[in-house]
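# Architecture and fold: a report
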Amino acid sequence: MACESALPAIMDEQALMGLNPNADACYRQRALAYFEQLKASLDGWEVCAEALAKGVYSDDHVKFFCFQVLEHQIKFRHGSLSAAQQQLIRETLMKWLQTQLMNVHPEKPFIRNKAAQVFALTFVMEYLTLWPKFFFDVLALVGLNPNGVDIYLRTLMAIDAEVVDRDILHSPEETRRNTLIKDGMREQCIPALVESWFQILQTYQHTHSELTCQCLEVVGAFVSWIDLNLIANDRFVNLLLSHMSMEELREAACDCLFEIVNKGMDPVDKTKLVESLCQVLQSAGFFNVEQEEDVDFLAKFSRLVNGMGQSLVLSWTKLSKTADEKISAETLRAVESKVPLMLQLLIHEDDDISANIVCFCYDYLHVLKQLPALNEQQKSNVEAIMLAVMSKLKYDDEYNFENEGEDEAMFVEYRKQLKMLLDRLAQVSPELLLEAVHRVFNATMQSWQTLQFMEVEVSIRLLYMLGEALPASHGAHFSGDSAKTSTLQAMMRTLVSCGVSEYQHSSVTLEFFETVVRYDKFFLVEPQHIPAVLMAFLDHRGLRHSSPKVRSRVAYLFSRFIKTLHKHMNAFIEDILSRIQDLLELAPPENGFPALLSSDDQLFMFETAGVLIVNGESPAERKQGLMRGLLSPLMEAFRMLLEKLPLEPDEERQTALADCLSHAVGFASRTSKAFSNKQTVKQCGCSEVYLDCLQTFLPALSCPVQRGALRSAVRSFLHRMIICLEEEVLPFIPAASQHMLKDCEARDLQEFIPLISQITAKFKNQVSPFLQEIFMPLVMSIFEVLSRPAEENDQTAALEKQMLRRSYFSFIQTIASSSSSQVMASQGAENIERVLFTIIQGAVDFPDPVAQKTCFIILSRLVELWGGKDGLVGFPDFIYKHIIPACFMAPLKTTFDLSDAQTVLTLSECSLTLHMIHLKRGPECLQFLQEYLPSLHVSPEITQELCQVLQQPDVKVLKNYMKVFFQQAKL
């Protein structure tokens, strides 16, 4: 329908039926179409306005719908409405508000909220120009009518969201407008609004708690930008304090006082405000926390105390930078006087109450850290905070370790906050912290058998946390400061020898192993404890624990433990390998029993086994025997499963078999992580074993089913073997490549190209014959995949093609940059030309700065190789016909965004290409530019200027010039 046509004065009743959430889909569709129709119409909204003003409809969904239509007009069409239409909106809102005053039952909250949004939008659009008396008109109409007051307060909160709320992003234009609105309100109506709030609070505090709480929320929202004296005065504060004693209002009053305290102001004034507020709260008995049973209120009160404490700390920080020591000292005394209350809240059994005061506690410790010395009271405070943190770190009985939910996640988060406090305590007084932890730890370890799990867990946890709280370079906790090292060493000795690893609770078990691994360097100092800890890792306490969660974590921790201490493992290697043998078995998919470890956990076990074998002191033949013993079962299982896979008709079973095969390859690959530059595969005599693995795994590439998963696994293994076996891997590459290029998808190619690039970069001339052979088949496979049609809106396919294109250009760059550059030159003129055109196309036609940059790097390199006198026949022609034009056409494209950092890098490579052409072709290049540039409408003066810049030896000059050149050209 045309936008200009007027709608009939009545609404489409059948379309309105579709607004009901339970309506049929066809009615809902019609309602949606009707909504769009009304929004598009220039005057269709007037029907909705009339329906609202006259209360035509009783259906809540229709009323909401009418407000939505009105909201759309005000938001997007207000400027184009006539004065009469704007007046109609104002009248509609005021008539609707008037009807609310007489309603026995108020509208549903969702309608009142939507109405408030529409009032707020109208206010934002009209207050500065058309409706400066907005608030006076609304207040004159609603008076103290409860229904009217409700809409008025909701409107104020909606205005706060539109004009003040810092969490909402605004355009510079909106920000300027909002500043003018606030300035206007401060001048014209804020005192009247504050008076209305006082009247509402006073009138409804005993009879209508919901309205009173709403009003307190409004005061809290507006106090940040209005004159504080209007609120922070005796009459208002006394009213708020009286609300603190009323059960239904106290939480809202707390929030309101918090906002008042949080207001930015002069540090001296802020200190006075907080102190006077504290005095009143204390004399009213609010500081007697232990007598308060309402935890919801205490959580709010804790937040308020936190706000007051942080405000005082901020005031002290500002004042301590000035010369007035007296005022600064007074402010510090004010901070210190809140510490007893802070401690009561911090130690409270409810974690929410405790968590709300943590920031003040943290800031207070930061203050102490800055003082030259601590007095006795301050030391006592530090100790009290320390004991509180130690106590609050404990789990409670209800914590569900096997099935952690929201409550558990919240406690973990709370523990992180307590850890921050512990770290800060260590900065204030490391000796005190070490001594306190030592005391608690020793007492607990002496009687761990009779204590509850949370007592035992927290004492080990504290030892663990010292590792981060007391810094040590590269975990060297057992060298340097003798007091610290001897204490930590004593605690570690106790931990591993007191038998606590036998404690029957998963949290204690995990904490034991975490701590052993955090302080693994302890065992370098006292290696006599290694056998006992190894047994704990290997038996029912660790890898054989009844909890899968513990087994999984221990598998990872065991690998770290062995990596650090491998030099001390020689005597235990074969014993460990035999004890973990069953954990290194490939779990076949048809086995109905759950494995002790997941495949991810087994990766750590194979890596551990590899580290033990490779770093042992046995001769190469023994290492080879052990490695073969580790990998042969994998190879046998792989062969058997690979035979089964093509015969399996069920797709789900196929996937399970393919996963199992992939795991086998992954495990073999992981063992190779143990090799280093010193302990190479050759030196350990293990080359033969890995070559056998290669021969076992490569046939998977020709498997007709589950190609993606199998190719991915074998490709990863090849990457590892290129590093480990070096040139010994080369005979396997041609056949593997042939299989991987069959029936390719974009992703297959994209993942295959880095393998070829790795081979090219590592073996250079050695692989030239192979590269010459594979170059065009690979390029043709890429072209074929890129030319496949895809649906216009298929974002995934488009992204895959973009990534493949990038991979292709990276491959060409690797070939061009390595000493295998003759690989391209030997491909025949037609093929070379085809590849060159794709590079020109990549540089100019695809708006992808990453790929474009690579293309210009390639072009620059090819000019360097083939652009001189002895270069490739016909290449100079190509330079003038295609490369130089590309250097100008690409940056002139509208998609070439010079404000984008990646694009600027592309332009830089483009400039380097021109520079290289000039180096190789000399005056001939300048002559060509003088003929070519006028065809792009470049003036003779600019052409001459560019040619001169091109002759400068410093390429930076050219880069800067080209940027300005194209910025000017695009104006």
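Note that the structure is a prediction, hence the values are computed from the model and not measured.

## Structural notes on the packing of helix 36 (residues 746–763) against helix 38 (residues 795–817)
Close contact between helix 36 and helix 38 brings their axes to 9 Å; oriented N to C, the two are set at 15 degrees. Taken as axis vectors, helix 36 and helix 38 run roughly parallel relative to one another. Crossing handedness for the pair helix 36 and helix 38: left-handed. Residue-level inspection shows Ala746, Arg747, Leu749, Gln750, Ile753, Ile756, Ser757 and Thr760 of helix 36 in contact with helix 38, the latter providing Glu800, Met803, Leu804, Ser807, Tyr808, Phe811, Thr814 and Ile815. Across the contact of helix 36 with helix 38, the residue classes break down as nine nonpolar, five polar and two charged.

## A word on the environment of leucine 277
In this structure, leucine 277 sits in helix 14 (residues 267–283). Sequence spacing of leucine 277 and alanine 790 is 513 residues, and the spatial spacing of their C-alpha atoms is 69 Å. Among all residues touching leucine 277, those that are not within four sequence positions of it are Val237, Leu257, Val261 and Met308.

## Some thoughts on the environment of threonine 509
Within the secondary structure, threonine 509 sits in helix 25 (residues 506–518). Take threonine 509: its relative accessible area is 3%, and that puts it in the buried class. Distance in space between the C-alpha atoms of threonine 509 and glycine 467 is 18 Å, their sequence separation being 42 residues. For threonine 509, the residues in contact, after removing those within four places along its chain, are Tyr503, Arg541, His545 and Val550.

## So, the packing of aromatic side chains
Counted under the stated rule, the structure contains 51 aromatic pairs. Look at phenylalanine 783 and tyrosine 808: their rings are 5.7 Å apart centre to centre, the planes differ by 75 degrees, and that puts the pair in the edge-to-face class. Remark: tyrosine 808 occurs in helix 38 and phenylalanine 783 occurs in helix 37 (residues 768–786); sequence separation between them is 25 residues. Accessibility assignment for this pair places phenylalanine 783 and tyrosine 808 in one class, buried. Ring-pair connections join several aromatic residues into one group, and the members of that group are Phe478, Phe512, Phe513, Tyr519, Phe522, Phe523, Phe537, Phe558 and Phe561. Between arginine 415 and the ring centre of tyrosine 395, over which it is positioned, the NZ or CZ distance is 4.3 Å.

## Focus: helix 37
For helix 37, built from 19 residues, the straight-helix expectation of 27 Å at 1.5 Å per residue is met to within 8% by its first-to-last C-alpha distance of 26 Å. If you look at helix 37, its biggest bend is around 35 degrees, right at isoleucine 774, and the proline proline 777 turns up within four residues after that.

## Digging into the pattern of salt bridges
In a structure, side chains of opposite charge can pair up when their charged atoms sit close to one another. Enumeration according to the criterion identifies 53 salt bridges in this entry. A salt bridge links arginine 154 to aspartate 150; the nearest nitrogen and oxygen atoms lie 2.7 Å apart. Of the two residues, arginine 154 and aspartate 150 both sit in helix 8 (residues 146–163), four residues apart, roughly one turn of that helix. Across the pair, aspartate 150 and arginine 154 agree in class, each one buried. In this structure, a network of salt bridges that share partners links the residues Asp60, Lys63, Glu107 and Lys108.

Parameters at a glance
Residues numbered from 1 in each chain as written. Predicted model: local features only at pLDDT ≥ 70, side-chain atom pairs only at ≥ 80, totals over all residues. Heavy atoms only, no water. Axes fitted to C-alpha atoms, helices over the stretch in contact; angles between N-to-C directions. Helix = DSSP H or I, 4+ residues; strand = E, 2+ residues; numbered from the N terminus. Parallel < 35°, antiparallel > 145°, perpendicular 65-115°, else oblique. Left-handed = near helix turned anticlockwise from the far one by under 90°. Contact = heavy atoms within 4.5 Å. Nonpolar A, V, L, I, M, F, W, Y, C, P; charged D, E, K, R; others polar. Buried < 20%, exposed > 50% of the residue type's maximum accessible area, 1.4 Å probe, protein only. Phe/Tyr/Trp six-rings, centres within 6.5 Å; stacked < 30°, edge-to-face > 60°. Lys NZ or Arg CZ within 6 Å of the ring centre and 35° of its normal. Expected span 1.5 Å × (residues − 1). Bend = angle between axes of the 7 residues up to and from the residue. Salt bridge = Lys/Arg side-chain N within 4 Å of Asp/Glu carboxyl O.

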